[in-house]
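If you want the building blocks of each chain, they are given just below.
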Amino acid sequence: MGGVNLLEESQRILASTTEHVGTVERSCKDESFLAGAALQTRIREIVRKHHLDDPAVDVANLISHATQERLRTIVEKLGCIAEHRMDTVKMDSHYEETSNVRSQLKFLEELDKLEKKRHEEQEREMLLRLAKSRSKQEDPEQARLKQKAKEMQQAEMEVVRQQEANQTALAAIGPRKRRKMDNSDVAETATGSSNFTSAGNASQRFQRQRTKRVNLRDLVFLMEQERDLCRSTLLYKTFFK
């Protein structure tokens, strides 16, 4: 051919097609997220209700894709909310603890226990005084309290007797003797500890991803923040569950 360098043209063609060598292009089928027949029926009902013309075929596909994207967005937000709920900020130096409700509740429980113990001690002293009284005329209420005091004394004596029996049994058995470890046991212990340490380091390097569990409280929080859901009847229905 006149004026054409075949070697240069072939090299240029090979250079331009090198990027596409080994690649296969395929067309993906557009799969509908929602059930096509049920969605079409629902669209027809809405169209007839408002006296509109029949929509195009692509309307159902667009609604299906929009629903899928909306659900994906909601699930991602719920995952983010659940992750923030499970985060522990106690070890973070940027946070300062202002109140600890658990310790406050524990303190109140301790106060209730002390008050209950004091009340029981007062009742015990009263019953003991009634049991020691020698009055000739006794009403039925005083006789019942004396009987209750006797039962309480018997129960206390039984507890003391049981504790003494346990201490006597432990003294008869004697102190526990530790088995002497020979060289093989020492080697096995050292090997086990080294394996445990290596396994711990490996677990630290390859930590399993924590599963995110979304509950109803997370969903309610999301619906309260969403502009389209904060005034919906679905949100108010969740308050009754």
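Residues numbered from 1 in each chain as written. Predicted model: local features only at pLDDT ≥ 70, side-chain atom pairs only at ≥ 80, totals over all residues. Heavy atoms only, no water.

All right, on to the packing of aromatic side chains then. The final tally for this structure, using the stated rule, is one aromatic pair. A centroid spacing of 6.2 Å and a plane angle of 85° characterise the contact between Tyr236 and Phe239, whose relative ring orientation is edge-to-face. When its relative accessible area of 44% is taken as the criterion, Phe239 is described as partly exposed. (Phe/Tyr/Trp six-rings, centres within 6.5 Å; stacked < 30°, edge-to-face > 60°. Buried < 20%, exposed > 50% of the residue type's maximum accessible area, 1.4 Å probe, protein only.)

Here we come to the environment of Ala60. Note that Ala60 resides in helix 3 (residues 58-86). In this structure the C-alpha to C-alpha distance between Ala60 and Ser32, which are 28 residues apart in sequence, comes to 8.6 Å. Setting aside anything within four residues of it in sequence, one finds Ala60 in contact with Leu39, Gln40 and Ile43. (Helix = DSSP H or I, 4+ residues; strand = E, 2+ residues; numbered from the N terminus. Contact = heavy atoms within 4.5 Å.)

Below, the discussion takes up the pattern of salt bridges. All chains considered together, the criterion is met by seven salt bridges. Among the ionic pairs, Glu69 bridges to Arg72, the shortest N-O distance being 2.6 Å. Taken together, the positions of Glu69 and Arg72, both in helix 3 and three residues apart, correspond to about one turn of that helix. Take Glu69: its relative accessible area is 46%, and that puts it in the partly exposed class. A relative accessible area of 35% means that Arg72 is categorised as partly exposed. The partner of Lys77 in a salt bridge is Glu226, with the nearest N and O atoms 2.7 Å apart. With Lys77 in helix 3 and Glu226 in the loop between helix 7 (216-225) and helix 8 (233-238), the pair connects residues that are 149 residues apart, well separated along the chain. For Lys77, a relative accessible area of 34% translates into the label partly exposed. With a relative accessible area of 13%, Glu226 lands in the buried category. Residues joined by salt bridges that share partners form a network here, namely Arg70, Lys77 and Glu226. (Salt bridge = Lys/Arg side-chain N within 4 Å of Asp/Glu carboxyl O.)

Moving on, we come to the packing of helix 3 against helix 7. At a closest axis distance of 10 Å, the pairing of helix 3 and helix 7 adopts a crossing angle of 120°. Of the two possible hands of crossing, helix 3 and helix 7 adopt the one that is right-handed. For the pair helix 3 and helix 7, the contacting residues are Ile74, Lys77, Leu78, Ile81, Ala82 and Arg85 in the first and Arg217, Asp218, Leu219, Phe221 and Leu222 in the second. Its residues placed into classes, the contact of helix 3 with helix 7 shows seven nonpolar, no polar and four charged. (Axes fitted to C-alpha atoms, helices over the stretch in contact; angles between N-to-C directions. Left-handed = near helix turned anticlockwise from the far one by under 90°. Nonpolar A, V, L, I, M, F, W, Y, C, P; charged D, E, K, R; others polar.)

Shape descriptors only; they carry no functional weight alone.
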